[in-house]
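# Observations on the model geometry
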Amino acid sequence: MNNNTIVEQVDSTTDIEGPEFQDGLIAAIKQETKRRRKLKITSDVYTAMDGVGYRSPFEALLDAMDNCLNGIDDSRISPDTPRKIIVDFYCGDSSIPDNIRMSDNGIGMIEDTIATKLFVTRKVSALEKVAQGGTGRWGLGYKQFENYLGTPGDVVSRSVELTDEETGVRGKVTYTDGLQPSAEFMNMSKERFMQEVHGFEHGTRIDFDNIKKEKWTSSWWKPKGLTWYKMAQIKFGNGVSH
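To keep things clear, this report deals only with the structure shown in the data block.

Cut-offs used in this document
Residues numbered from 1 in each chain as written. Predicted model: local features only at pLDDT ≥ 70, side-chain atom pairs only at ≥ 80, totals over all residues. Heavy atoms only, no water. Axes fitted to C-alpha atoms, helices over the stretch in contact; angles between N-to-C directions. Helix = DSSP H or I, 4+ residues; strand = E, 2+ residues; numbered from the N terminus. Left-handed = near helix turned anticlockwise from the far one by under 90°. Contact = heavy atoms within 4.5 Å. Nonpolar A, V, L, I, M, F, W, Y, C, P; charged D, E, K, R; others polar. Pairing = 2+ DSSP bridges. Buried < 20%, exposed > 50% of the residue type's maximum accessible area, 1.4 Å probe, protein only.

### Digging into the packing of helix α3 (residues 57-72) against helix α6 (residues 140-149)
Two numbers describe how α3 lies on α6: the axes approach to 10 Å, and their chain directions differ by 145 degrees. Our pair here, α3 against α6, has a crossing hand that is left-handed. Here Pro 57, Ala 60, Leu 61, Asp 63, Ala 64 and Asn 67 of α3 lie close against α6, whose contacting residues are Gln 144, Phe 145, Tyr 148 and Leu 149. Considered class by class, the residues forming the contact of α3 with α6 number seven nonpolar, two polar and one charged.

### With respect to the sheet that holds strand β6 (residues 168-174)
Read across the sheet, six strands follow the order β1-β2-β8-β5-β6-β7 without closing on themselves; strand pairing throughout is antiparallel. The sheet terminates laterally at β1 (85-91) and β7 (182-188), the two strands that pair on one side only. In this sheet, neighbouring strand axes are inclined to one another by 15 degrees on average, regardless of whether the strands run parallel or antiparallel. As defined by bridge partners, β1 adjoins strand β2 (residues 97-104) across seven bridges and the pair is classed as antiparallel. The partner of Tyr 90 across the bridge, within β2, is Asn 99. α3 contacts β1, β2 and β8 (203-209) of the sheet and is inclined by roughly 20 degrees relative to β2.

### Some words on unusual backbone geometry
Trans peptide bonds make up the majority, and among non-glycine residues the majority have a negative phi. The phi dihedral of His 198 is positive, around 55 degrees, even though this residue is not glycine. Mapped onto the fold, His 198 is located in the loop between α7 (190-196) and β8. One non-glycine residue, Asn 210, lies in positive phi territory at about 45 degrees. Secondary-structure assignment places Asn 210 in the loop between β8 and α8 (228-236). We classify Asn 210 as exposed; its relative accessible area is 55%.

In structure tokens, the structure reads:
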């Protein structure tokens with residue numbers, strides 16, 4: 001060891017019972033404050049659902065059709081009205097669609113329902129679920145199949161409880177990572193609704209834009225030897241036609 005080195009042993013044991021430590025502890029506690037922060041939930045929580053629960057596009061489509069059943073299985077619709085779910089595929093140069101539209105002649109929704117329960121996820125009571133034709137977790141499935149298949153397009157809806165003079169609604173939500181969801185709405189006359197939604201007087205149409213084609217194969221219409229509509233028949237019964 002170098003002779004110029006001085007080694008000093010210091011007792012580092014602190015007397016936590018001593019007055020000096022106690023005075024310091026009291027002063028430190030006085031500096032402690034409780035802070036309340038509002039946590040911002042952004043669109044990431046929805047766009048992150050891409051791929052949740054689905055192995056292929058037709059599984060997501062079947063889930064979307066299943067979602068429509070909540071709106072068409074309702075006593076407010078006349079028993080003389082055949083329940084219908086119509087899926088339109090808009091294809092370009094290949095069998096893989098560019099855009100998809102799914103329409104039903106169910107009870108439809110008003111603007112507030114679309115804004116607060118479809119475009120965002122909300123837990124509702126059993127009574128509200130029955131009254132509005134939804135599920136126990138409103139809007140969860142919508143974000144899953146929309147973000148899996150593409151990006152959300154228009155939602156066009158008209159409540160079965162509206163008079164002929166009252167207007168339906170067209171809405172569109174935007175999910176941008178890092179930002180809260182935002183939506184735009186406009187009124188829609190009964191005549192315009194019927195023109196755009198297969199002549200239905202009430203119900204809902206949801207659009208899937210910018211289809212993620214990398215998830216599809218050219219033979220998607222015949223998964224494992226079965227046509228897509230036959231898969232729908234297996235799930236929903238023989239009322240499915242193409």
